[in-house]
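Observations on chain architecture
One letter stands for each residue in the lines below.
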Amino acid sequence: MAGEIGHMTVDPDGRAPCIYGHQGCLESLASANAIVAKARKKMNRGASSLIREMVGEVENMTIDTVLQAADKGDKLAQQLLGEAAKYISIAIVNCIRMFNPGTIIIGGSMVTPSNFLFSTIRQLVNEQPYVVPNKKIKIVPAKLGKDSCAIGAVSLVLKQLFESSLIEKFVGK
Ligand SMILES: [Zn+2]
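First, a word on what this report is: a plain description of the structure on this page. (Residues numbered from 1 in each chain as written. Predicted model: local features only at pLDDT ≥ 70, side-chain atom pairs only at ≥ 80, totals over all residues.)

**Some thoughts on the overall build of the protein chain**
If you tally the helices and strands in the protein chain, you get 8 helices and 2 strands. Secondary structure elements of the protein chain occur, N-terminal to C-terminal, as α-α-α-α-α-β-α-β-α-α. For the C-alpha atoms alone, the extent of the protein chain along its principal axes is close to 70 × 40 × 35 Å. Among the 173 residues that make up the protein chain, the fraction classed as buried is 25%. Partitioning the contacts of the protein chain with sequence separation of at least 6, the portion at a separation of at least 24 is 52%. (Helix = DSSP H or I, 4+ residues; strand = E, 2+ residues; numbered from the N terminus. Buried ≥ 20, exposed ≤ 12 C-beta atoms within 10 Å, placed from the backbone. Contact = placed C-beta atoms within 7 Å.)

So, in structure tokens, the structure goes:
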């Protein structure tokens, strides 16, 4: 499980557990599912938001709706994504302190270069004292976006195929 930072504890008082039962891990607090669940709960209790106009029924909301609403200035969406950004930035800062990388690449369906979530994460990480000396660590969104996992998996298979001795049987040495 090394490198599974999605299950790093970022709030020891976190309440709703993730599917593995961790309380206060990143997945339970800042994943797409967690954010949408929090937005639904708040809106079902009467919170006003652009999201209602965008989807009609609260049940139709997806993480894309929340991301778009935040980019349009919606306060509820910005509050929820700001909270998620806080937790994500804690995990990133812990990784920086452990590995001192040159670049942090954030992938997945929630991050695009211009969106509110990404810019808030970048701002929060950069605000940490001594964590980014001279701002030399770049924090960038993954270029492959939503497809990065699938493309990574396929590339591993292709790499193994082309490195294997099987290929020699077909094309000769
Ligand atoms: Zn977890």
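**Description of unusual backbone geometry**
Of note, the phi angle at Asn100 is positive, near 45°, even though the residue is not glycine. Note that Asn100 resides in the loop between helix H5 (75-99) and strand S1 (103-106).

**Quick notes on the pairing of strand S2 (residues 138-141)**
Here S2 shows one buried face, formed by Ile139 and Pro141, and one open face, formed by Lys138 and Val140. Here S1 runs beside S2; their pairing, made up of 4 bridges, is parallel. Bridged to Ile105 within S2 is Val140. (Pairing = 2+ DSSP bridges.)

**As for H5**
For an α-helix, 3.6 residues make a turn, and residues three or four places apart therefore share a direction. End to end, H5 covers 35 Å across 25 residues, agreeing with the expected 36 Å (1.5 Å per residue, within 8%). Looking one or two residues beyond H5, the residue adopting positive phi is Asn100, at roughly 45°. (Expected span 1.5 Å × (residues − 1).)

**Describing the nonpolar core**
In summary, soluble globular proteins display a tendency toward joint burial of nonpolar side chains. Counting residues in each nonpolar core, the largest one holds 32 residues, and the members touching the most others are Val66, Leu81, Ala84, Tyr87, Ile88 and Leu117. Only helix H1 (26-30), helix H2 (32-44), helix H4 (63-71), H5 and helix H6 (116-127) provide two or more residues apiece to this core. The biggest single contributor to this core is H5, with 11 residues. If sequence neighbours within four positions are ignored, Leu81 has contacts with Ile35, Val66, Ala70, Phe116, Leu117 and Thr120. (Core = buried A, V, L, I, M, F, W, Y, C linked by C-beta atoms within 7 Å.)

**Looking at the packing of H2 against H5**
Closest axis-to-axis distance for the H2/H5 pair is 10 Å, and the angle between their directions is 145°. For H2 against H5, the interelement crossing comes out right-handed. Side by side, H2 and H5 meet where Ile35, Lys38, Ala39 and Lys42 of the first sit next to Leu76, Leu80, Leu81 and Ala84 of the second. Class assignment of the residues belonging to the contact of H2 with H5 gives a composition of 6 nonpolar, no polar and 2 charged. (Axes fitted to C-alpha atoms, helices over the stretch in contact; angles between N-to-C directions. Left-handed = near helix turned anticlockwise from the far one by under 90°. Nonpolar A, V, L, I, M, F, W, Y, C, P; charged D, E, K, R; others polar.)

**Structural notes on H6**
Over its 12 residues, H6 runs 16 Å from end to end, which matches the ideal 16 Å to within 8%, given 1.5 Å per residue. For H6, the set of buried residues is Phe116, Leu117, Phe118, Thr120, Ile121, Arg122 and Val125. Contact partners of the buried residues in H6: H4, H5, S1 and S2.

**Topic: the packing of H4 against H5**
Direction vectors running N to C along H4 and H5 enclose 110°, while the axes themselves pass 8 Å from each other. It follows from the interaxial angle that H4 and H5 lie roughly perpendicular. Within the contact between the two elements, H4 uses Val66, Ala69 and Ala70 and H5 uses Ala77, Gln78, Leu80 and Leu81. Residues of the contact of H4 with H5, tallied by class, amount to 6 nonpolar, 1 polar and no charged. (Parallel < 35°, antiparallel > 145°, perpendicular 65-115°, else oblique.)

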